[in-house]
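The lines below spell out each chain.
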Amino acid sequence: MALYKEQTLKVYNSLSGEKEVFEPVHEGHVGMYVCGPTVYSNVHLGNCRTFISFDLIFRYLRHLGYKVRYVRNITDAGHLEDDADHGEDKIAKKARLEKIEPMEVVQRYTIDFHNILQKFNLLPPSIEPTATGHIVEQIELIKEILLKGFAYETNGSVYFDVVKFNEDHTYGKLSGRKLEDMIANTRELSSQDEKRNPQDFALWKKAEPQHIMRWPSPWGEGFPGWHLECTVMSTKYLGETFDIHGGGMDLKFPHHECEIAQAEACYEHAPVRYWLHANMLTLNGKKMAKSTGNNLLPGEIFSGNNPILSKAYTPSVVRFFMMQAHYTSILDLSDEALLAAEKGYLRLMDALDQLPTLPTGKSSEFDVKAWRQRCYEAMNDDFNSPILVAQLFEAVKAINLVRDGKQTVTAGDKQVLAESFEAFVYDVLGLEKGRRDGVDTRKLEGTVELLIEMRNQARANKDYAASDRIRDALAGLGIQLKDGKDGTTFTY
RNA sequence: GGCAUCGUGGCCGAGUGGCUAGGCGCAGCUCUGCAAAAGCUUGUACAGCGGUUCGAAUCCGCUCGAUGCCUCCA
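Residues numbered from 1 in each chain as written. Chains lettered and ligands numbered in written order. Predicted model: local features only at pLDDT ≥ 70, side-chain atom pairs only at ≥ 80, totals over all residues. Heavy atoms only, no water.

*Asks:* Lay out the protein's contact with RNA strand B in plain terms, naming residues and giving numbers.
*Replies:* Around RNA strand B there are 63 residues in total, and L251, K287, R403, R471 and D483 lie nearest to it. Protein-proximal atoms of RNA strand B, defined as those within 4 Å of the protein, fall in sugar or phosphate at a share of 67%. In the environment of RNA strand B, a sugar or linking oxygen lies 3.4 Å from a nitrogen or oxygen atom belonging to the backbone of Q324. S467 places a polar side-chain atom, nitrogen or oxygen, 3.4 Å from a base oxygen of RNA strand B. Here the surface near RNA strand B gets 9 residues from one element, more than from any other, and that element is helix α13 (residues 385-403). Classifying every residue of the surface near RNA strand B gives 20 nonpolar, 21 polar and 22 charged. (Near = heavy atom within 4 Å. Polar contact = N/O pair within 3.5 Å; in protein donor to acceptor, adjacent residues only side chain to side chain. Helix = DSSP H or I, 4+ residues; strand = E, 2+ residues; numbered from the N terminus. Nonpolar A, V, L, I, M, F, W, Y, C, P; charged D, E, K, R; others polar.)

*Asks:* So what about helix α10 (residues 315-323)? Which residues, and what values?
*Replies:* In an α-helix, one turn spans 3.6 residues; hence positions three or four apart end up facing the same way. Burial within α10 is extensive, with 9 of its 9 residues counted as buried. The complete set of buried residues in α10 reads P315, S316, V317, V318, R319, F320, F321, M322 and M323. (Buried < 20%, exposed > 50% of the residue type's maximum accessible area, 1.4 Å probe, protein only.)

*Asks:* Please give an account of the sheet that holds strand β6 (residues 157-160) that cites residues and values.
*Replies:* Pairing is antiparallel in the open sheet, where 4 strands are placed in the order β5-β6-β7-β8. Whereas interior strands pair on both sides, the edge strands pair on one side only; in this sheet they are β5 (151-154) and β8 (222-224). Geometrically, the sheet is characterised by an average inter-axis angle of 20 degrees between neighbouring strands, direction not taken into account. Where β6 and strand β7 (residues 201-206) come together, 3 bridges link them in antiparallel fashion. Paired with F160 across the strands is F201, a residue of β7. (Pairing = 2+ DSSP bridges. Axes fitted to C-alpha atoms, helices over the stretch in contact; angles between N-to-C directions.)

*Asks:* Describe the packing of aromatic side chains, listing the residues and the values that go with them.
*Replies:* Within the structure shown, the criterion is met by 18 aromatic pairs. Note on Y327 and F383: the rings are 6.3 Å apart at their centroids and 70 degrees apart in plane angle, and the pair reads as edge-to-face. With Y327 in the loop between α10 and β13 (331-333) and F383 in the loop between α12 (368-380) and α13, this residue pair connects regions lying 56 residues apart in the sequence. By relative accessible area, which is 3% here, Y327 ends up buried. Of the residues examined, F383 reaches a relative accessible area of 0% and is grouped as buried. Aromatic pair W371 and F421: ring centres 6.3 Å apart, planes at 20 degrees, arrangement stacked. A residue pair is termed long-range when its members are at least 10 positions apart, and W371 in helix α12 and F421 in helix α14 (residues 411-428) qualify at 50 residues. Exposure remark for W371: the relative accessible area of 0% places this residue in the buried category. Here a set of aromatic residues connected by ring pairs shows up, and it is made of Y4, F22, Y66 and Y274. Its end group placed over the ring of F150, K164 keeps NZ or CZ at 5.3 Å from the ring centre. (Phe/Tyr/Trp six-rings, centres within 6.5 Å; stacked < 30°, edge-to-face > 60°. Lys NZ or Arg CZ within 6 Å of the ring centre and 35° of its normal.)

*Asks:* Tell me what's going on with the pairing of strand β2 (residues 18-21), and back it up with residues and numbers.
*Replies:* When strand β1 (residues 10-13) meets β2, the two strands line up antiparallel, connected through 4 bridges. Bridge pairing in β2 links N13 to E18. Hairpin connection between β1 and β2: a loop of 4 residues separates the two successive antiparallel strands, and G17 in this loop has a positive phi of roughly 75 degrees.

*Asks:* Explain the layout of surface pockets to me, using residue names and the numbers behind them.
*Replies:* Here the second largest pocket is characterised by a volume of approximately 1,900 Å³. Taken together, 49 residues line the second largest pocket, and the ones lying closest to its centre are D350, K482, F490, T491 and Y492. Of all the secondary-structure elements, those providing two or more residues to the lining of the second largest pocket are α10, α11 (335-354), α13, α15 (441-460), β14 (480-484) and β15 (487-491). Per-element accounting of the lining of the second largest pocket gives the leading share, 11 residues, to α11. Grouping the constituent residues of the lining of the second largest pocket by class yields 17 nonpolar, 12 polar and 20 charged. (1 Å grid on protein atoms, 1.4 Å probe; cavity = no way out; pocket = protein on both sides within 12 Å on 5 of 7 lines; lining within 4 Å. Points joined across faces, edges and corners; volume = space filled by probe spheres on them.)

*Asks:* Got a sec to walk through the nonpolar core? Specific residues and values, please.
*Replies:* Grouped together as the largest cluster of nonpolar side chains are 134 residues, with contacts concentrated most on L45, L61, F160, I301, F383 and F421. With 10 residues, helix α1 (residues 45-63) is the largest single contributor of residues to this core. Looking at this core, you find at least three residues from each of domain 1 (10-281) and domain 2 (296-428). Not counting chain neighbours up to four residues away, the residues in contact with F383 comprise L9, V11, L56, I57, Y60, L276, H326, Y327 and A378. Residues V448, I452, I479 and L481 belong to the second largest nonpolar core, which totals 7 residues. (Core = buried A, V, L, I, M, F, W, Y, C linked by side-chain atoms within 4.5 Å. Domains from an automatic or database assignment. Contact = heavy atoms within 4.5 Å.)

*Asks:* Hey, could you go over the packing of α12 against α14 for me, with residue numbers and the actual values?
*Replies:* Running from N to C, α12 and α14 cross one another at 20 degrees; their axes reach a closest spacing of 9 Å. Here α12 is positioned roughly parallel relative to α14, judged by the angle of their axes. Between α12 and α14 lies a crossing of left-handed hand. Across the interface between the two elements, V368, K369, W371, R372, C375, Y376 and M379 of α12 pack against D413, V416, L417, S420, F421, F424 and V428 of α14. Tallied by class, residues from the contact of α12 with α14 come to 10 nonpolar, 1 polar and 3 charged. (Parallel < 35°, antiparallel > 145°, perpendicular 65-115°, else oblique. Left-handed = near helix turned anticlockwise from the far one by under 90°.)

*Asks:* Let's hear about the sheet that holds strand β12 (residues 286-287): which residues, and what values?
*Replies:* Pairing in this open sheet of 3 strands is mixed, and the strands run β12-β11-β13 from one edge to the other. The two strands at the open ends of the sheet, each matched to only one other strand, are β12 and β13. In the sheet, strand β11 (residues 281-283) pairs with β12 via 2 bridges, with the strands oriented antiparallel. Bridge assignment links T282 to a residue of β12, and that residue is K287.

*Asks:* Tell me about the side chain of D76, and name the residues and values.
*Replies:* Mapped onto the elements, D76 comes out in the loop between β4 (67-72) and α2 (90-98). Nearest to the buried, unbridged D76 among oppositely charged side chains is R72, at 13 Å. Separated by 3.2 Å, the side chain of D76 and the backbone nitrogen of A131 make a polar contact. D76 has contacts with V39, I91, M103, V106, T130, A131, T132 and M213, leaving out every residue within four places of it along the chain. (Lys, Arg positive; Asp, Glu negative; His and termini not counted. Salt bridge = Lys/Arg side-chain N within 4 Å of Asp/Glu carboxyl O.)

*Asks:* If you had to explain empty space enclosed by the protein to someone new, which residues and values would you point to?
*Replies:* Enumeration over the complete set of coordinates arrives at 5 cavities of 30 Å³ or more. Here the largest cavity defines a volume of roughly 80 Å³. Elements with a contribution of two residues or more to the lining of the largest cavity: α7 (228-238), β9 (242-248), α8 (252-267) and β10 (272-278). As for the second largest cavity, its lining consists of R49, I52, S53, L56, M322, M323, A325, H326, Y327 and S385. Here the lining of the second largest cavity takes 4 residues from α1, the largest share from any one element. Its residues assigned to classes, the lining of the second largest cavity shows 6 nonpolar, 3 polar and 1 charged. Each of domain 1 (10-281) and domain 2 (296-428) gives at least three residues to the lining of the second largest cavity.

This is how it looks when you write it as structure tokens:
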């Protein structure tokens, strides 16, 4: 029997503002769409947090036995810059500045994106569609919205008529905004606007002569607007009503609000059952953003090459750091917090190593089945990974006690413990053991084993000067020796 | 200015009406040649002020502070 039949998953739905029991449209199947990156520069750590959060969600859904179709788009058509840039889009601008083709920009940063996410051990989505690959569908959708009367054309551009839509729909329900308030608070923009109302948004923009990314359309040459691609691609691959739509908190308004409006304008019903929003990663208490320069690149954290860091951290440590916070909470990054996370992570992984060699006994003092259910309850409660991590540390404690002969566990319980522990650490949290780029671990481990042997010989001869020299020299290299009852082990 | 969210012990971070989350650090003890590691033990915190309640970190109000969105942003 599939696990999802035994476990009751609740998710926090941004639309209702409440935790709701998760019930997919089609039993056993889940359709999930997550807004992906705009590939105009290197993916930064804040971006990564969102995708890591949804990777956790994807992994847990799969672990529960759901067949998940996970769609995460690549925005390669760019979004418009602000008015000062005369509607130039980010990718086009980057291409112009670097004197290359827009698609070279897209290619370069798509590869970077994939590389980094792979380091963080993210599972690839089922489908990763691109905006430029769905221009035809976007044009068709615009035609449909025009036909329904919720859009109008001006000078080769097409805009969504928010005021008209709001007459018999509710614009702003996701972000808790009221159109009247928005109109009342509109800032006076000096631009000679083609829009009927400032709240209207572009479905199609006419391309100026210098604009390099352009496609033919019934309204002349142009390019699609901000919010259209997600509506088109989510509906195409997941249907008019699908289960989960995710993305960063900063996309809630206006992006997701506009998606709802577009879909409701076309299909006359809500497109999404559960809206999930991942919160921001902050640096120095401020949101990480490319535009403000307050950001940290994954590469910098892996190399330690950034003034705020005292050392390098592996992707898995960073991932563990993120798993210690709930995905809907703002998480502040600091060197101190990473250092603490690293220690905890190593302790967790050490316990995992102990598992196979754990002695078994006639009885168990640790209630493994109750523990396992607490782990599920943590994840069932809106993917509460911090609680799961706390539970894992409870198991760490038990494992260490058994290892030291202070507690016992039966063979059956040990097996359940090992299976569940590994499943939660590897499959659900997506952590992995110290994969180190560019290091031949077999050579290193063999060398350290030899040094341990020499040190133990020195200790047997009470030549502590020699033994301590080996220990301290290795410590200086970041290799820590651990003397236990059954010999010496090491971590690095 | 408008709309939200949040303020938890040295740090990070769960909890959301009564039942000490957890991690890191600190201190003590056990172990050890000495350490480290590991184990055990110890920490009664919830921005401030009022209110509701038998009882509030948890609900309500106000104040202060922080952040996000309102313009592209994960």
